[in-house]
Amino acid sequence: MTSVRVLHVFKTYFPETQGGLEEVIRQICRYTHPLGVQTRVLTLSADSLPETISLPETEVVRCPRQWDVASCGLSWPFFRAFRRQANWADIIHYHFPWPLADVAHILMAPRKPSLITYHADIVRQQGLLRLYRPIMHRFLGQLDTIVATSSNYAHTSPVLQRFAHKVKVIPIGLGEGQPPEPDPDRVSALRQRVGEGFFLFVGVLRYYKGLHHLLEAIAPHHVDAGSSQGAESLPLVIAGSGPMEQALREQAKQLGLPHVHFLGQVSDADKTALLQLCRGVVFPSHLRAEAFGLTLLEGAMHGKPLISTEIGTGTSFVNRHCETGFVVPPNDPAALRRFMLILHRDPAMAATLGQAAQRRYLDLFTAPRMADAYERLYRQLLSADKP
């Protein structure tokens, strides 16, 4: 099998940051390698020495991050590194959004097949988007293929609709099918710390995650209509850190929520243990910046029911209402609470929905399945590029 050299380009990567998009790149690199794909990741880092580091799944080339403007990392040395790494690659695989990559591609016009995985629309920086939009459209127009991570997002994104003729859907995949075995010692330690049967959120604590609505949903003043037992506690574990962490901790304190545990960023071993102990995974993201929701796949892999919101993105492609869990309106703490209570009060229903979530994961969302699709796409692009 002929080897294919693929350069992944994104503004951040492990080990500096720990996020869902970084994990997607890692899964692609790891699982395309046995298929004859050699990868590198070109990224920015606050600690750019040594310039190149080797991780188990790939080689990472790091440029110094010199400035940040509206979450967009900027770096003059990146352009020189981009030219050098593009010369090495057979294919350039961008990950959107990162405007600096758009500019590099337009200015340097690498004569290599190129594609992009379109992870999310730009939602927050609308003022800057008006200035950036012409660059974005020119960049996307020059690429050979745009990959959407779900049919939902492909059909609801105005940007993807504009380039529908070159959009291909490849769902995100995670793991090989079997969830990792939890460490009994970690399970025991976490059971003593946070109990079991709780609802679990895992992720970076960002503005679009809807966690302020989740805290409102489990607050004591949200009482079921007709309930004679008063406010019912819904235990919650939030695993992750991020820019909203302090505000969320203060909100939980103001609402009087002693049954909420903030664990900060957790290890993979602790995450696996938490997924075994929890009743279900709750994912209340309320803005389209949440394009897929890797945590939903982790919950499904472990056979847990899912609660997410309907924001027209891949979250509702992973989670099917009343099949693998529940899909509720965004910005609606009362609806969120209502369906959390259903799972809290009915462990048998939670188990049934969790089993269905696991079957859907196995059918659609394993990493080898995703890797096969990308490997085929890479070779199709190379074949089409030959005279």
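Everything numeric here is computed off the predicted structure, so don't read it as measured data.

Enquirer: What is the right way to look at the packing of aromatic side chains in this model?
Expert: Note on aromatic pairs: each is described by the distance of the centres and the angle between the planes. Under the definition given, this model contains 15 aromatic pairs. Look at Tyr 94 and Phe 139: their rings are 5.2 Å apart centre to centre, the planes differ by 85°, and that puts the pair in the edge-to-face class. You can see Tyr 94 sitting in strand 7 (residues 91–96) and its partner Phe 139 sitting in helix 4 (residues 126–142), a full 45 residues away along the chain. Take Tyr 94 and Phe 139: they sit in the same class, and that class is buried.

Enquirer: Mind showing me how you'd approach the state of the cysteines here?
Expert: Per the stated rule, a full pass over the model turns up zero disulfides. With no disulfide of its own, Cys 278 lies closest to Cys 322 among cysteine sulfurs, the gap being 19 Å.

Enquirer: Help me understand the layout of surface pockets in this model?
Expert: It is a probe the size of a water molecule, rolled over the atoms, that shows where empty space is left. Empty space within the second largest pocket amounts to approximately 190 Å³. Along its surface, the second largest pocket is lined by Phe 96, Tyr 118, Asp 121, Ile 122, Gln 126, Leu 129, Arg 133, Met 136, His 137, Pro 158, Val 159 and Arg 162. Among the secondary structure elements, those contributing two or more residues to the lining of the second largest pocket are helix 4 and helix 6 (158–162). It is helix 4 that provides the largest number of residues to the lining of the second largest pocket, a total of five residues. Of the residues belonging to the lining of the second largest pocket, the class tally is seven nonpolar, two polar and three charged.

Enquirer: Would you explain helix 15 (residues 367–385) in this entry?
Expert: Working note: α-helix, 3.6 residues per turn, so residues spaced by three or four point in the same direction. Its 19 residues place the ends of helix 15 27 Å apart at the C-alpha level, agreeing with the 27 Å of an ideal helix rising 1.5 Å per residue. Of the positions making up helix 15, those classed as buried are Ala 367, Met 370, Ala 371, Ala 373, Tyr 374, Glu 375, Leu 377, Tyr 378 and Leu 381.

Enquirer: Please explain empty space enclosed by the protein as it appears in this structure.
Expert: Inspection of the entire model under this criterion finds two cavities of 30 Å³ or more. Counted as a void, the largest cavity has a volume near 40 Å³. Around the largest cavity sit Arg 206, Tyr 207, Gly 210, Leu 211, His 212, Met 244 and Leu 248, which together line it. A per-class count over the lining of the largest cavity returns four nonpolar, two polar and one charged. Put simply, the second largest cavity is a space of about 40 Å³.

Enquirer: Got a minute to help me understand the packing of helix 7 (residues 184–194) against helix 10 (residues 268–277) in this structure?
Expert: Two measures define how a pair of helices packs: the angle their axes make with one another and the distance between the axes. Packing of helix 7 against helix 10 brings their axes to within 9 Å, and their N-to-C directions diverge by 65°. Every pair of crossing elements has a handedness; the one defined by helix 7 and helix 10 is right-handed. Counted together, Arg 186, Val 187, Leu 190, Arg 191 and Val 194 of helix 7 and Ala 269, Asp 270, Ala 273, Leu 274, Gln 276 and Leu 277 of helix 10 form the full contact between these two elements. Among the residues making up the contact of helix 7 with helix 10, the classes are represented as seven nonpolar, one polar and three charged.

Enquirer: How should the pattern of salt bridges be read in this particular structure?
Expert: Note on pairing: side chains with opposite charge can pair once their charged atoms come close. Enumeration over the complete set of coordinates arrives at 14 salt bridges. We note a salt bridge from Glu 23 to Arg 26, for which the minimum N-O separation is 2.4 Å. Here the residue Glu 23 and the residue Arg 26 both occupy positions in helix 1 (residues 20–32), the gap between them amounting to three residues, near one helical turn. Relative accessible area serves as the criterion here: at 14%, Glu 23 is assigned to the buried category. In this structure, Arg 249 engages Glu 245 in a salt bridge whose closest nitrogen and oxygen atoms are separated by 3.2 Å. In this pair, Arg 249 and Glu 245 are both assigned in helix 9 (residues 245–255), four residues apart and thus about one turn of the helix distant. Judged by its relative accessible area of 34%, Arg 249 is partly exposed. Of the residues examined, Glu 245 reaches a relative accessible area of 19% and is grouped as buried.

Enquirer: How do you make sense of the environment of Gly 325 when you look at a structure like this?
Expert: Looking at the element boundaries, Gly 325 is found in strand 16 (residues 325–328). Residue class for Gly 325 comes out buried when judged on its relative accessible area of 0%.

Enquirer: Where do I start with unusual backbone geometry in this structure?
Expert: Most peptide bonds are trans, and most residues other than glycine sit at a negative phi. Omega for the bond connecting Leu 49 with Pro 50 falls within 30 degrees of zero, at 0°, which places this linkage in the cis form. As for its position among the elements, Pro 50 is in the loop between strand 2 (37–45) and strand 3 (52–54). Each neighbour pair has its own omega, and for Phe 96 with Pro 97 the value is 10°, a cis peptide bond. Notably, Ala 109 is not glycine yet its phi reads approximately 40°, a positive angle. Mapped onto the fold, Ala 109 is located in the loop between helix 3 (99–108) and strand 8 (114–118).

Cut-offs applied
- The numbers attached to residues start from 1 for each chain and follow its sequence in the written order.
- Thresholds applied to this predicted model are a pLDDT of at least 70 for local features of residues and 80 or more for the giving and counting of side-chain atom pairs; totals over whole chains, interfaces and linings are not thresholded and use all residues.
- Each side-chain value is worked out from all heavy atoms of the structure, with water and hydrogens disregarded.
- Only rings of Phe, Tyr and Trp enter the pairing, Trp through its six-membered ring, and a pair is recorded when the two centres are within 6.5 Å. The plane angle decides the type: under 30 degrees is stacked, over 60 is edge-to-face, the rest tilted.
- Under the scheme used here, helices are H or I runs from DSSP no shorter than 4 residues and strands are E runs no shorter than 2 residues, and both carry numbers assigned from the N terminus.
- Here the term buried applies to any residue with accessible area under 20% of the maximum for its type, exposed to any over 50%, and partly exposed to those in between, with areas from a 1.4 Å probe on protein chains only.
- When two cysteine sulfur atoms are found within 2.5 Å, that pair is recorded as a disulfide.
- Here a cavity denotes a set of grid points, spaced 1 Å apart and computed over the protein atoms alone, in which a 1.4 Å probe fits but from which it cannot get out, and a pocket denotes an open set meeting protein on both sides within 12 Å along at least five of seven lines; residues with an atom within 4 Å of a point are reported as lining.
- Grid points are joined across faces, edges and corners, and a volume is the space filled by probe spheres set on the points.
- Residues are sorted three ways: Asp, Glu, Lys and Arg are charged, Ala, Val, Leu, Ile, Met, Phe, Trp, Tyr, Cys and Pro are nonpolar, and all the rest, Gly among them, are polar.
- Here a helix's expected span is defined as the number of its residues, less one, multiplied by 1.5 Å.
- Axis lines are fitted to C-alpha atoms, over the contacting stretch for helices. Their N-to-C directions set the angle, which ranges from 0 to 180 degrees.
- For any pair of crossing helices, the crossing counts as left-handed if the nearer helix is rotated counterclockwise from the farther one by less than a right angle, and right-handed if it is rotated clockwise.
- By definition, residues are in contact when any of their heavy atoms lie within 4.5 Å.
- What counts as a salt bridge is simple: a side-chain nitrogen of Lys or Arg found within 4 Å of a carboxyl oxygen of Asp or Glu.

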